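# Chain and residue survey
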Amino acid sequence: MDLKDSSVQSDLFSQWFARADKELKGDAKNLQNIHLGEDWQTKALGISNDAVASLGELSTNEWSIGDDYMKGDDGVLNRTLLEDLMTGLESPTVWVQKENSLDFLEEVSLPHIQLHLRDEGGGFSQQLAQKLSQTHGVWSGSYSLTRDGIGTDSDIFPENVWPALVLEKAQGGKPSFASTWSAVSNMLNKYGRIILDRPIDLDFYRNASWNRALLYLAKKTFGEQCLIIHQYVLDKDFEGIRQEDALIRSSAMALSSILSGARLLRLCPMRWRNDANFRRLARNIQLLLRYESNLSQWPDILKGSHTVDALVWDLIRIANTKPSLPNDK
């Protein structure tokens, strides 16, 4: 029996499906569909005649452990950063609200971390990034783009300092993907390289397909390594649940982001940001995923996944942009 023969494959699938349908009491047809919204679904299983091409490798499963910090008293922030850097933190994201000094970085070894500066649209993170470059020279990290997209020329910063476009809502549906890709591509046209800082979608497949579609489009349209995705949790996704349940939810969200190519994660909701113990536990989730699950030692695990690839191609078609799809005639 030639297992490569399409008729044999179809017959094997029919036998398997009949058995699955029997065990599921006649509900296999419904259960094989994954629903991500009223107008967006795909099958959990693909067979040889499904016209879905693989996107190839998009993730290295390597990421940096981050957390959010509000710029306030320099001494308190400095102590908190130093303590957290000694217990697993690798890439802090500091939110600035005014033109600040750099005193909060006293004793922080910038060559060994990435520092990401964010603001609410006033351009303060760019000002602080410039001051940092003038004072410390070479450093790695990013600064926020202003809301209207008119920012400081990235050429004045070191090569490892990137402009960052920050999304404030977890837009996971098909209709919003085209507008997000349009904003990303406009910024890539201007800067050549950007960080997209977006919330993690609670839906595993929806979050993963968005990340992979954005990375694929950026790679094919603008070249390798021009887009880096950072992800963080939204406070609203943790309303009304206990901290221990929040940690379980964070683990599943983190896994979706890591496997789909996100390069930095921040898993502590704002409501518990002043709780040093919860911040530590949120970092420990990532430490466990890295050192106990060994995720970073494997190649792109989602490569060739029928379900994820089908969802990604749906998003690329919605974006209505080049490149053409492998199955296009």
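For the structure given in this document, a descriptive report is provided here. Given the structure is predicted, the values throughout are model-derived calculations rather than measurements. (Residues numbered from 1 in each chain as written. Predicted model: local features only at pLDDT ≥ 70, side-chain atom pairs only at ≥ 80, totals over all residues. Heavy atoms only, no water.)

Broken down by element type, the chain carries 9 helices and 10 strands. Every one of the 329 residues in the chain was classed for burial, and the buried ones make up 48%. For the chain, the computed accessible surface area is about 16500 Å², with 49% contributed by carbon and sulfur atoms. (Helix = DSSP H or I, 4+ residues; strand = E, 2+ residues; numbered from the N terminus. Buried < 20%, exposed > 50% of the residue type's maximum accessible area, 1.4 Å probe, protein only. Areas by Shrake-Rupley, 256 points an atom, 1.4 Å probe, with all protein chains shown as cover.)

This next bit is on helix 3 (residues 74-85). The terminal C-alpha atoms of helix 3, which comprises 12 residues, lie 16 Å apart, in line with the 16 Å expected from a rise of 1.5 Å per residue. Burial in helix 3 covers these residues: Leu77, Asn78, Thr80, Leu81 and Asp84. Along the long axis of helix 3, the arc covered by the buried residues comes to 165°, so they all point the same way. Looking at the buried positions of helix 3, the neighbouring elements they touch are strand 3 (64-70), strand 4 (91-95) and helix 8 (276-291). Measuring from the side-chain oxygen of the N-cap residue of helix 3 to the backbone nitrogen of Gly75 gives 3.1 Å; that N-cap residue is Asp73. (Expected span 1.5 Å × (residues − 1). Arc of directions from axis to C-beta. Contact = heavy atoms within 4.5 Å. Polar contact = N/O pair within 3.5 Å; in protein donor to acceptor, adjacent residues only side chain to side chain.)

With a phi close to 60°, Asn61 is a non-glycine residue in the positive phi region. Looking at the element boundaries, Asn61 is found in the loop between strand 2 (40-43) and strand 3. The backbone phi angle of Gln225 is positive, close to 55°, even though this residue is not glycine. Inspection of the secondary structure puts Gln225 in the loop between helix 6 (204-222) and strand 9 (227-232).

Here we come to the pattern of salt bridges. Side chains that carry opposite charge are capable of pairing whenever their charged atoms lie near each other. In total, this model carries 16 salt bridges according to the counting rule given. Glu90 is the salt-bridge partner of Arg290, the closest N and O atoms lying 2.6 Å from each other. Of this pair, Arg290 sits in helix 8 while Glu90 sits in the loop between helix 3 and strand 4; the two residues are 200 residues apart in sequence, bridging distant segments of the chain. Exposure remark for Glu90: the relative accessible area of 25% places this residue in the partly exposed category. Note that Arg317 is salt-bridged to Asp314, the shortest N-O span being 3.9 Å. With Arg317 and Asp314 both in helix 9 (residues 306-319) and 3 residues apart, this pair spans about one turn of that helix. Residue Arg317 is classed as partly exposed on the basis of its relative accessible area of 44%. In the salt-bridge network here, residues are joined through shared partners; they are Asp68, Arg118, Asp197, Arg266 and Arg273. (Salt bridge = Lys/Arg side-chain N within 4 Å of Asp/Glu carboxyl O.)

If you look at the biggest cluster of nonpolar residues, it comprises 77 residues, and the most contacted ones within it are Phe177 and Leu227. It is helix 6 that provides the largest number of residues to this core, a total of 8 residues. Filtering out sequence-adjacent residues up to four positions away, Leu227 remains in contact with Trp162, Val184, Ile194, Leu196, Leu214, Leu215 and Ala218. (Core = buried A, V, L, I, M, F, W, Y, C linked by side-chain atoms within 4.5 Å.)

Assignment of secondary structure puts Arg212 in helix 6. In terms of polar contacts, Arg212 uses its side chain to reach the side chain of Asp300, at 3.0 Å. With residues near it in sequence (within four places) discarded, Arg212 still touches Gly56, Leu58, Ser59, Leu259, Ser260, Asp300, Leu302, Lys303, Val308 and Val312.

Further remarks concern the packing of helix 5 (residues 174-191) against helix 6. Between helix 5 and helix 6, the shortest axis-to-axis distance is 11 Å and the interhelical angle comes to 40°. Note on packing geometry: the crossing formed by helix 5 with helix 6 is right-handed. Here Ser176, Phe177, Thr180, Trp181, Ser185, Leu188 and Asn189 of helix 5 come into contact with helix 6, specifically with Trp210, Ala213, Leu214, Leu217, Ala218, Thr221 and Phe222. In terms of residue class, the contact of helix 5 with helix 6 is built from 9 nonpolar, 5 polar and no charged. (Axes fitted to C-alpha atoms, helices over the stretch in contact; angles between N-to-C directions. Left-handed = near helix turned anticlockwise from the far one by under 90°. Nonpolar A, V, L, I, M, F, W, Y, C, P; charged D, E, K, R; others polar.)

Its place among the elements puts Gln286 in helix 8. Exposure remark for Gln286: the relative accessible area of 1% places this residue in the buried category. Gln286 sits 36 residues away from Ser250 along the chain, and the two C-alpha atoms are 9.6 Å apart. Filtering out sequence-adjacent residues up to four positions away, Gln286 remains in contact with Trp63, Ser64, Ile65, Gly66, Leu265 and Leu267. Among the polar contacts made by the side chain of Gln286, one reaches the main-chain carbonyl oxygen of Leu265 at a distance of 3.3 Å.

Distances and angles like these do not, on their own, reveal function.
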